[in-house]
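The lines below spell out each chain.
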Amino acid sequence: MRLRSGVFSLLITLYGLIFLAQEQQSQNQAPSLQIALPVKFQHITTGYLYQLAAEMLFIKTSVFLGGVKPGVPSATYAKALGNNFEVMTSLYPRFIDPYYFCQAFLPHISPDDARKTNAILETGIKAFPRDFIFRFFYGTNYFLSMNEPLMGAKAFAEAAKMPNAPPLFGHLEALLSAKGGDIAAGLVSLKTMLAAESDEVVRARYQHEIEIFEQALQVREALTAFEDKHGSFPGTLDELVPDFIKVLPDIKDSFTLRYDPPNLRLERP
Amino acid sequence: MFKCLRRIRSVSRLVIVDGLRRHALIGLILFALAGETGGLLFFDFIPRDIGRASNDFLFSITWLVGFIFLLFHAVQVMAWDNERRVLHTFLARPISRAEYVLGVFFGLATVLLALNAILGGIGWIVLNFIRRSVDASSYFQHLSLPFFLLASAGLYCMELMLLAVILFFSGAVRGNFPVLLLSLSYYFICSGLPVVRQALRQLTAQAPPPYLETMLKGVTAIFPDFSRLDFKMLVASSDPVPGVGQIVIPFVLGAMYVLIVLWLACAIYQRRDLQ
C-alpha cells in the first residue's frame, strides 16, 4: 500500500515537472500563426457554422497580431497573415472587421503583400459596393505601398463615380494621375471637380491647381514636339527652351515638376 | 384517422418523456448556456461587427446543440427501443410500424422545437443585452425580430430534415453507430455538394458539361443545400433581403423533403426484420 502511494506520488511529481518544463518551453517560443485551411474545405466541414469559423479565424489572427514581440520581422508571418485574411473574407465576405485589420497590418510589409491586400479588399468592395472606406484603402495601397499611382488613380476614378462620393476621391485621382505621368487625365478630373464645387475657398484651390497642371501640360506637349522632331526625348527639360517652349514654368510650393525621361510627373513635394 | 393520430401522439409522448428523463432537454440547455456565457468573452475580440458576430455565435450554438441532440440522442431512440425490446411491446398493441416511426419523429421534433424555442428566447434576450451594452449606432445598428424568427424557422426546418433522414437510416440499418456514421456522411455531402458545384463552375472556363451539371443537380435534390435555409445573416445586418420566393420555396421544399423521407422511412420499416 505504501509502495503504491509512493509510486503514485512519484508519478504526480513527474507529471508536474514535465508539465512545467513544457510550459517553460512554450513560453520561450515565439508565437506563430498557422496557415488556415482552404476556404472550400472550411465550407464543407463547417456547414451552418461557416460564419462562426470565419470569426474564430479572425480572433485567432488578431490575438496573434496583438502578441507579436517587437523586433519580429513582419515578413516571417506575412504569408500566413495574407492567407488567413483571404480565407476569412472569402468564407464570410460581409464580415467587415478582417478588412480593417488586413489594411492595418498587411500592405506595409511588402508590395506583394499590398497586392494581396487589394485582392482581399476587392472581395470587400464586391460585398459592400457603397463603402467608401474600402475603396479608399484600395486606392491608397496602389500608390503608398506598390508605387503604382496610375492604378491608384484608376481606383479613385471609379470610386469618384459613386453617388455621394466625397470630393477627396476625385482630387486623389487628379493628383495620382499627375504623379503617374498622366497630367491630362488629372487636369480633366480637376476641371470636373471645379465645376461641381460651390465652396469658394475650395474652388480657388482647384483653380490654382488647374493653372499648375496646365503649365505642366504645356511642358508635356513640348516634350512630345521635341520627340517628333528629334526621334527621342531630351535629357533635361532645359533642352526644350527656347525652340519648344519659351520658358520653363516656375512650379514650386504645392507641386514639383519631375522629369524622368520620357515621363513627366507632377508630384506633391 | 383520428385513432391513428391518437396512437401517433401516444408514441410521441413516450418519446418526449424518455427524452426528458435522459436530460436531453435540460442537459443541452445547460450546455448551450455555458457556451453562450463563454461567448460573451468572444465578443470582446470583435471590434466593429459586434451585432453580426454575436448573432452568428448564438445561432451557431443553437445549431450545435440541435446537432448534438440529433446525433447523440435521436440516432439512438429507435435502436434503444429495439435493443430493450420496448418496440415489441409497442407493436404488440394495435399500432402499425408506420405509426411508430411517425410517433418517434413527432416526439423528437417536439423536444427539438422546445429546445430551439428556449434557446431562441435566451438568444434574443442575450442579443438585446449585448446591443444595449455597446454603442448600438456604430456597432450594432440592426436587430430584426421577424428575421430572427425566420432564421430560427430555417434552422428548425434543417433540423427536421436531418431528423427525417436519421429515422430513414434507423429503419434501414441495424445499430446506432452505423446510423450515426451515415447521418454524418449525409450532412457532409449536403455541405460539400454546393461547394463542388461552385468549384466546377469556376474551374471550367466554359459552362460545365451538361450531363455533369444535371447529375449534380439531381444529387442536390437528394442531398439538399441547407444553406438555402440559412437566414441568420439577415438578423443583425443590412444585408440585401432575398425575394419572397427565395424565402418561401426553401421551406416548401424542406417540408416536402421531410414528407418524402418519412414516407420512405415508414415503407422501409414496414419491411424491416426486427430480430
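Fair warning: this is a prediction, and the values are worked out from it, not measured in the lab. (Residues numbered from 1 in each chain as written. Chains lettered and ligands numbered in written order. Predicted model: local features only at pLDDT ≥ 70, side-chain atom pairs only at ≥ 80, totals over all residues. Heavy atoms only, no water.)

*Asks:* Would you take a moment to explain the overall build of chain A for this structure?
*Replies:* Along the backbone of chain A there are eleven helices and two strands. Taken from the N to the C terminus, the helices and strands of chain A come in the order α-α-α-α-α-α-α-α-α-α-α-β-β. A compact globule built from 269 residues should have a C-alpha radius of gyration of about 18 Å, whereas chain A, at 28 Å, is more than 25% larger. In terms of overall dimensions, chain A has C-alpha extents of about 110 × 40 × 35 Å along its principal axes. For chain A, with 269 residues in total, the buried portion stands at 45%. Intrachain contacts of chain A at a sequence separation of at least 6 include 55% that bridge at least 24 residues. Counting every atom, chain A has about 14,900 Å² of accessible surface; 59% of that belongs to carbon and sulfur. Charged side chains in chain A number 25 positive and 28 negative. The centres of these two groups are separated by 12 Å. (Helix = DSSP H or I, 4+ residues; strand = E, 2+ residues; numbered from the N terminus. Rg over C-alpha atoms; globule rule 2.2 N^0.38 Å. Buried < 20%, exposed > 50% of the residue type's maximum accessible area, 1.4 Å probe, protein only. Contact = heavy atoms within 4.5 Å. Areas by Shrake-Rupley, 256 points an atom, 1.4 Å probe, with all protein chains shown as cover. Lys, Arg positive; Asp, Glu negative; His and termini not counted. Charge placed at Lys NZ, Arg CZ, Asp CG, Glu CD.)

*Asks:* Which parts of the structure should I look at to understand helix α9 (residues 210–222) of chain B?
*Replies:* The α-helix winds at 3.6 residues per turn, so residues separated by three or four positions along the chain end up facing the same way. Residue and element names in this part refer to chain B. Along its 13 residues, α9 runs 19 Å from first to last C-alpha, staying within 8% of the 18 Å computed at 1.5 Å per residue. Within α9, the full set of buried residues consists of E213, L216 and T220. All buried residues of α9 project into a common sector of 65 degrees when viewed along the axis, lining one side. Exposed and oriented more than 90 degrees from the buried face of α9 are P210, Y211, T214, A221 and I222. (Expected span 1.5 Å × (residues − 1). Arc of directions from axis to C-beta.)

*Asks:* Just to check I follow, could you spell out the interface of chain B and chain A for this structure?
*Replies:* Quoted interface sizes are often the accessible area lost when the parts come together. The interface is formed by 29 residues belonging to chain B together with 24 residues belonging to chain A. Its largest share of buried area at the contact with chain A, chain B owes to F45, R48 and V195 of chain B, together 21% of the area lost on that side. Viewed at the interface, chain A and chain B are joined by zero salt bridges. Linking chain B to chain A there are nine residue pairs in polar contact (both at pLDDT 80 or more). Mapped by element, the contributors of at least two residues to the side of chain B that touches chain A are α3 (50–83), α7 (145–172) and α8 (176–203) of chain B. Along the lines of polarity and charge, the residues of the side of chain B that touches chain A split into 17 nonpolar, five polar and seven charged. (Buried area = accessible area lost by both parts, 1.4 Å probe. Salt bridge = Lys/Arg side-chain N within 4 Å of Asp/Glu carboxyl O. Polar contact = N/O pair within 3.5 Å; in protein donor to acceptor, adjacent residues only side chain to side chain. Nonpolar A, V, L, I, M, F, W, Y, C, P; charged D, E, K, R; others polar.)

*Asks:* Please clarify how the side chain of D97 of chain A should be interpreted in this entry.
*Replies:* Within the fold, D97 of chain A resides in helix α5 (residues 97–105). R48 of chain B provides the closest opposite charge to the buried, salt-bridge-free D97 of chain A, at an N-O distance of 5.6 Å. Within polar-contact distance, the side chain of D97 of chain A engages the backbone nitrogen of R48 of chain B at 2.6 Å. In this view, D97 of chain A contacts F58 of chain A together with I46, P47, R48 and D49 of chain B; residues no more than four positions away in its chain are not counted.

*Asks:* Got a minute to help me understand a positive patch on the surface in this structure?
*Replies:* A contiguous patch of positive charge, built from K3, R6, R9 and R13 of chain B, is present on the exposed surface. Judged by relative accessible area, K3 of chain B falls into the exposed class, the value being 58%. (Patch = residues over 30% accessible without salt bridge, like charges linked within 9 Å, V, L, I, M, F, W, Y side chains within 5 Å.)

*Asks:* Can you walk me through the packing of aromatic side chains in this structure?
*Replies:* Remark: the centre distance and the inter-plane angle together describe each pair of aromatic rings, the angle taken between the planes. Within the structure shown, the criterion is met by 31 aromatic pairs over all chains. Ring geometry for Y48 of chain A against W63 of chain B: centres 5.1 Å apart, planes inclined by 40 degrees, an arrangement best described as tilted. Taken together, the positions of Y48 of chain A in the loop between α2 (39–46) and α3 (50–67) and W63 of chain B in helix α3 put the pair across two chains. Just as Y48 of chain A is buried, W63 of chain B falls in that class too. Ring geometry for F231 of chain B against F251 of chain B: centres 5.9 Å apart, planes inclined by 20 degrees, an arrangement best described as stacked. With F231 of chain B in the loop between α9 and α10 (244–271) and F251 of chain B in helix α10, this residue pair connects regions lying 20 residues apart in the sequence. Members of the aromatic cluster, connected to one another through ring pairs, are Y48 of chain A together with W63, F67, Y186, Y187, F188, F223 and F226 of chain B. Residue placement shows R268 of chain A over the ring face of F255 of chain A; its charged tip is 4.5 Å from the ring centre. Sitting over the ring of Y100 of chain A, R48 of chain B keeps its end group 4.4 Å from the ring centre. (Phe/Tyr/Trp six-rings, centres within 6.5 Å; stacked < 30°, edge-to-face > 60°. Lys NZ or Arg CZ within 6 Å of the ring centre and 35° of its normal.)

*Asks:* Help me understand the packing of α3 of chain B against α7 of chain B, please; the structure alone is not making it clear to me.
*Replies:* Axis angle and axis distance: for two packed helices, these are the angle between their axes and the distance between the axes, and together they describe the pair. Residues and elements named next belong to chain B. The N-to-C vectors of α3 and α7 enclose an angle of 20 degrees; their axes lie 10 Å apart at closest approach. By the angle class used here, α3 and α7 are roughly parallel. The two elements α3 and α7 cross, and the hand of that crossing is right-handed. Counting all contacts with α3, which are made through N55, F59, T62, W63, G66, F67, L70, L71, A74, V75 and M78, the residues of α7 involved are F148, A151, S152, L155, M158, E159, L162, L163, I166, L167 and S170. Among the residues making up the contact of α3 with α7, the classes are represented as 16 nonpolar, five polar and one charged. (Axes fitted to C-alpha atoms, helices over the stretch in contact; angles between N-to-C directions. Parallel < 35°, antiparallel > 145°, perpendicular 65-115°, else oblique. Left-handed = near helix turned anticlockwise from the far one by under 90°.)

*Asks:* What is the right way to read the layout of surface pockets from this model?
*Replies:* Where empty space is left in the structure can be found by rolling a water-sized probe over the atoms. Residues and elements named next belong to chain B. Taken as a whole, the second largest pocket holds about 440 Å³ of empty space. Elements supplying a minimum of two residues to the lining of the second largest pocket: α3 and α6 (136–139). Looking at the lining of the second largest pocket residue by residue, the classes come out as eight nonpolar, six polar and five charged. (1 Å grid on protein atoms, 1.4 Å probe; cavity = no way out; pocket = protein on both sides within 12 Å on 5 of 7 lines; lining within 4 Å. Points joined across faces, edges and corners; volume = space filled by probe spheres on them.)

*Asks:* What should I look at first to understand the environment of R135 of chain A in this one?
*Replies:* Residues and elements named next belong to chain A. Note on placement: R135 falls in helix α7 (residues 132–144). In sequence terms R135 and Q51 are 84 residues apart; their C-alpha atoms lie 24 Å from each other. Setting aside chain neighbours within four positions, we find R135 in contact with I125, P129, F156, A159 and M162.

*Asks:* Would you take a moment to explain the side chain of D56 of chain B for this structure?
*Replies:* When you line up the elements, D56 of chain B lands in helix α3. In this structure D56 of chain B is buried but unpaired, with K232 of chain B as the nearest side chain of opposite charge at 5.5 Å. At 2.8 Å, the side chain of D56 of chain B forms a polar contact with the side chain of Y92 of chain A. Not counting residues within four places of it along the chain, the set of residues in contact with D56 of chain B comprises Q51, E55 and Y92 of chain A together with K232 of chain B.

*Asks:* Would you explain the nonpolar core in this entry?
*Replies:* Soluble globular proteins tend to bury their nonpolar side chains together. By size, the foremost hydrophobic cluster in this structure holds 121 residues, and its most contacted members are F134 of chain A together with W63, F69, V104, L108 and L115 of chain B. The greatest single-element share of this core, amounting to 17 residues, is contributed by α3 of chain B. Discounting chain neighbours no more than four positions away, the residues touching W63 of chain B are Y48 and L49 of chain A together with L155, M158, E159, L162 and Y187 of chain B. (Core = buried A, V, L, I, M, F, W, Y, C linked by side-chain atoms within 4.5 Å.)

*Asks:* Would you explain a nonpolar patch on the surface in this entry?
*Replies:* Residues and elements named next belong to chain B. Among the surface-exposed residues, V244, V248, V252, M256, I260 and L264 lie close enough to one another that they form a single nonpolar patch of about 550 Å² accessible area. With respect to the helices, strands and loops of the structure, M256 is situated in helix α10. A relative accessible area of 47% places M256 in the partly exposed class.

Read these as layout, nothing more, since geometry by itself doesn't imply function.
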